[in-house]
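# Observations on the three-dimensional arrangement
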Amino acid sequence: MSGSIGKPTPFIDAVQKVTGQAMYADDYRMPNMLYVSFFRSTESHAKISKLDISEAESYPGVCAVAIGKDIPISFGVLPISPDENAIAVEKVRYKGEIVAAVAAETIKAAREAVEKIKVVYEPIKAFFDPKDSLEVCAPEEQIHSHTKNGKNIHKTAELRFNEPEKELEIAKNKQSGFFKFAGVTHAFTEPHSTLAIWNRDDTLTVISATQVPFYLHKNISKVLGIPLHKIQVKKPTLGGGFGGKSDPFPHEIITAYLAKKTKRPVKCTFSREEVFITHHGRHPTELSMSVSCDDDGIITALDTDIIIDGGAYGSFGVVTSYYNGVLLQGPYKINKFGFRTRRTYTNKHQCGAMRGHGAVNPRYAVEVLLDMMAQSLNMDPCDLRNKNFLPENTLTVGEFRITSNGVRECLEAVRRKSDWDNRYGKLPFGRGLGVACGFFISGSALPIIWNRYPQTVVHAKLDFDGRIVMFSGASDIGQGSDTLLVQIAAEELGISMEYVQVETADTKITPVDLGSYSSRVTFMVGNAAKTATTKVREEMAKAISKEKDVTAENLIFNNCRIHTKDKSIDLSWEEGVEIALAGRGAFVESGYYISPKLGGDFKGSGAGLSPAYSFGAFISEVDVNPNTGAVIVTKVWGAHDCGKALNPLSVEGQIEGSIHMGLGQAISEEMRYHNGQQINANFFDYRIPSSLDTPDMDITIIESNDAEGPYGAKEAGEGPIHPVLPSIGNAIYDAVGIRMMELPITPEKVLSKMKENA
Amino acid sequence: MDYYHTPSTVDEALTIAGKLSGNYTFFAGGTDIQNYRKQQLDTNEYVIDLSEIEELDSITIVDGALHLGAMTTLDKIVSSDEIQNHYPIIAEAAKTVATPVLRKTATIGGNLLVTNRCTFYNQSQEWRDGVGSCLRDVGDICQVTGGKNDCYSRNVSDTATALIVLGAEITLMTPNGIIQKSLKDIYLPCGIKFHDLEERCILTQISVPIEPKKWWYKKLRLRKTLDFTSLTVAATIDTAGIARVCLNGVSMSPILIEKPLKELTLEGLISIARKNCKTVDNDLMPLKYRREMINVYLKEWWKSFR
């Protein structure tokens, strides 16, 4: 390959970002812009019996006040559970829910006016513990009226194959455990921010910090009754998402509504506390799981029962419920397999999608149980895993189509690099090594909103200036998809990256992409971009072959030149462009990606289907202080099979980021509540590991070259997080002999477990 | 910014304060108090920023005693050779405050007078409205204990812990003249009025008379940086064999235990410490664990010189 594909490539927007020039949503200013402030609920669950906004409406500087009945149409990211209103209608379901919104000339006036709003609540019994939500309650106590059997269960997802429960009943070698996981949040740097502009031609432009302009576009249209063709959603530079900006949000819809109502630009930017309130992070989870093996350590069955605490609304919850179960089908071969997930509604901040969506917590459980199994069978934990890996090109029990699979190479790499065989089980008391593996989807094969279109379309435009402009709906949320588009165009056309520019994530200008979630962009957008730019090359070759009387196939695009092997024809890129555009002018080529038809025909078969899966193996080393219970993760060896690293710099960054994020959930991060109110809604008390807490990292990229991925690539953004947490948990066992079944693994839990053990 | 004053002398600062009839806040760095303003816990209209008073920025050793200007940044203290060589416990304590970036602005005086903390108090206005206010705010009940009389907010000054075991003296300037007293005497065992200071006074200097024979310092927190303390223990043994042990972060004020080493037993020390620390569940680290760590830390100190 002659271009930058496969070479460490700094992101095209890196300099802009570090020099402060990049424009984030909050950086956009408009003349006559209004500012929004929200009046939020101080009750967890209550009927709104009186709401008086009159004083706020007449407050100096206020232009509009919105309440629930102004925008009563419900919405949600999943068309199957549109259970949320932009502003609470009749009742509130969590502390912090928006009850009214004020648009004013200044942010100060908006805030002061909010203080003039008066409300009377009629409290209803609040549910904070998901187990309480499983019980029948009085009809008026139901958080949502649509839930069945008088309970507050949002979704029950259950699949079973080949009666795992029967196998587990008779199994000689069985390990079971009850695990508990606190909720964690994305903690992206940039708070949510939205600017809505009502244009003179009665169209709406929304500039918003979103991972998914398309869903926002659809939901604004639905709730505000504005035709789809009169809405434009643009994603500016984004300061991180991790799944936390992938829902359409109330504040976005409210801001758009206020722009429409006032016919003026309206801006809303959250405080950090509001970001925490908005949440949509990883579900608090309780699960029991059992795994059985034969005497050789071959896994015979796995069954698990999972309760996830969804908070007040649905978000991605139906998908999360399935992912908790179905993503246990790899990287090990398990023929007798079953799960049930119940997602409950509670009166807390709503949970949703977060890096590693749905699969992170059950992955911890299964990897700890396998470690316990290895222990009981007197087998090395790496050897036990090695015996059970799925092969390449196979189907899992739930009919996931596994294509490329580099998990063996991943495990081999970290095992060797960490000197596992000489050190595991042999380190002094207090120090230990732990291993874990994982796998993840490379894009969901099925779209959330069912449609007959491809999952992504990319246009590549060539014009007189010799520049290639890539038009794609893909949202660069910091993961580098803009750079990916440039790299691919440069690669296919044999030009340097400076010839390529991007127009992305603008629903008026760019062809639709379904968004940056489920680790789909590299695989899907990458393939579409490759097709589009290949077509540009073919068009150019066709024109040159005609003019120069040479076979198109013999033309080589390389180093900004177009030439034959013998250089009898040797054109500069500009000369080639001129020939290609002669008589027709600028042209655009289009590429798209549609996932092949995958999966079985049973109910729930669609969950977790992906055209390819990434794999990984991680080993962590820890230092546990037996006096204080403090855990220090000193080193992590991570190996991830991303098919082909199109940009190794970026893949390494994703793996390092996953280690840091996984470390946070493992040892310090936690959404903590007091009577339904979060008590650590700031970066001071929500304890993200600092640079000093971050271990040394040794990253290995394994390239299994997937046959369907662009240049062989698969995902690297989410898969690497799964093995991080259990590798830490297992290392603590090796260090001090205790099994940590509850996250985060804070010092007091370690100490009390050590006492129990003593 | 007519609300923001930057006097260049202590006298000027006191004069400005005199004109503002209590409606002002001194900034001695301001890294922490800014949060109080943002959360509407400090609603004073005016700010008097002391950072331009050069006379308060100094580190000197005279006749074997250390004198620190109150506006000396923690960063300067951490990197001062004199302090590292002669009073390493002060450098060590300063290094455990906040983060390297914050320490470039935060000062020793600011840290000594850092405001007491509580999980239920250090929150935004909206948050406090949601939970119901507390004794220290505008409410009539303690959200931690349910009591109606006492507030148990925690003193979290790390440098105070170290300076108290060094027997530090402080100088305060008031419109009526200079006051000198022992550092430990400015701390009151009350979660609401936790500093015994005159209405209009400025901490100008900290003086440390003794160079201890042996010292020990440790801070409990979840992360290796940034976090306020969940328990800080500092201890010295001077040449006369007097042991001074100070615990902070676990009570309304620093708890000093001062005794000849000969008269101390570990059990006795733990028992006094546990009795004197009014520790309640007002930190994110669990109460039981923090109490347990008092024992663990004291034991660790005890072992360190045995």
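Residues numbered from 1 in each chain as written. Chains lettered and ligands numbered in written order. Predicted model: local features only at pLDDT ≥ 70, side-chain atom pairs only at ≥ 80, totals over all residues. Heavy atoms only, no water.

### Observations concerning the domain arrangement of chain A
When the parts of a complex come together, some accessible area is lost, and that lost area is often used as the size of the interface. All names here are of chain A. Split into domains, chain A comes out as domain 1 (18-124 + 189-240 + 245-278), domain 2 (354-446 + 604-757) and domain 3 (449-593). Each of domain 1 and domain 3 has a C-alpha centre, and the two are 38 Å apart. Facing the 16 residues of domain 1 at the interface are 15 residues of domain 3. Carbon and sulfur atoms supply 59% of the area that domain 1 and domain 3 bury against each other, a total of about 1400 Å² over both sides. Connecting domain 1 to domain 3 are zero salt bridges. Our enumeration of links across domain 1 and domain 3 arrives at eight residue pairs in polar contact (both at pLDDT 80 or more). When residues in the side of domain 1 that touches domain 3 are grouped by element, the largest group, five residues, is from helix α6 (residues 213-224). Of the residues assigned to the side of domain 1 that touches domain 3, the class counts are eight nonpolar, five polar and three charged. (Domains from an automatic or database assignment. Contact = heavy atoms within 4.5 Å. Buried area = accessible area lost by both parts, 1.4 Å probe. Salt bridge = Lys/Arg side-chain N within 4 Å of Asp/Glu carboxyl O. Polar contact = N/O pair within 3.5 Å; in protein donor to acceptor, adjacent residues only side chain to side chain. Helix = DSSP H or I, 4+ residues; strand = E, 2+ residues; numbered from the N terminus. Nonpolar A, V, L, I, M, F, W, Y, C, P; charged D, E, K, R; others polar.)

### Some thoughts on the pairing of strand β21 (residues 500-504) of chain A
As judged from the five bridges shared by strand β20 (residues 468-472) of chain A and β21 of chain A, these two strands associate in the parallel manner. Note that in β21 of chain A the partner of Ile468 of chain A across the bridge is Val500 of chain A. (Pairing = 2+ DSSP bridges.)

### Re the sheet that holds strand β6 (residues 169-174) of chain B
All names here are of chain B. Taken together, five strands build an open sheet; the order of strands is β4-β5-β8-β6-β7 and the sheet is antiparallel. A single partner strand is all that each edge strand has here, and the edge strands are β4 (59-62) and β7 (177-182). Sheet twist, expressed as the average angle between the axes of neighbouring strands with direction ignored, equals 25°. (Axes fitted to C-alpha atoms, helices over the stretch in contact; angles between N-to-C directions.)

### Looking at helix α10 (residues 360-376) of chain A
Residue and element names in this part refer to chain A. Over its 17 residues, α10 runs 25 Å from end to end, which matches the ideal 24 Å to within 8%, given 1.5 Å per residue. Taking burial as the measure, the 17 residues of α10 include 15 buried ones, the bulk of the element. Backbone geometry just downstream of α10 places Asn378 in the positive-phi region, at approximately 60°. (Expected span 1.5 Å × (residues − 1). Buried < 20%, exposed > 50% of the residue type's maximum accessible area, 1.4 Å probe, protein only.)

### Some remarks on the environment of Ala126 of chain A
All names here are of chain A. Considering the arrangement of structural elements, one finds Ala126 in the loop between β6 (118-123) and α4 (130-133). When the C-alpha positions of Ala126 and Glu141 are compared, they lie 7.8 Å apart, and in sequence the two are 15 residues distant. For Ala126, the contacting residues outside a window of four places in its chain are Ser44, His45 and Asn347.

### Focus on the packing of helix α5 (residues 88-95) of chain B against helix α9 (residues 158-165) of chain B
Residues and elements named next belong to chain B. Between α5 and α9, the least distance of the axes is 8 Å, while the angle of their chain directions is 165°. By the angle class used here, α5 and α9 are roughly antiparallel. When the axes of α5 and α9 are compared, the crossing they make is right-handed. Here Ile89, Ile90, Ala93 and Ala94 of α5 lie close against α9, whose contacting residues are Asp158, Thr159, Ala162, Leu163 and Val165. Grouping the constituent residues of the contact of α5 with α9 by class yields seven nonpolar, one polar and one charged. (Parallel < 35°, antiparallel > 145°, perpendicular 65-115°, else oblique. Left-handed = near helix turned anticlockwise from the far one by under 90°.)

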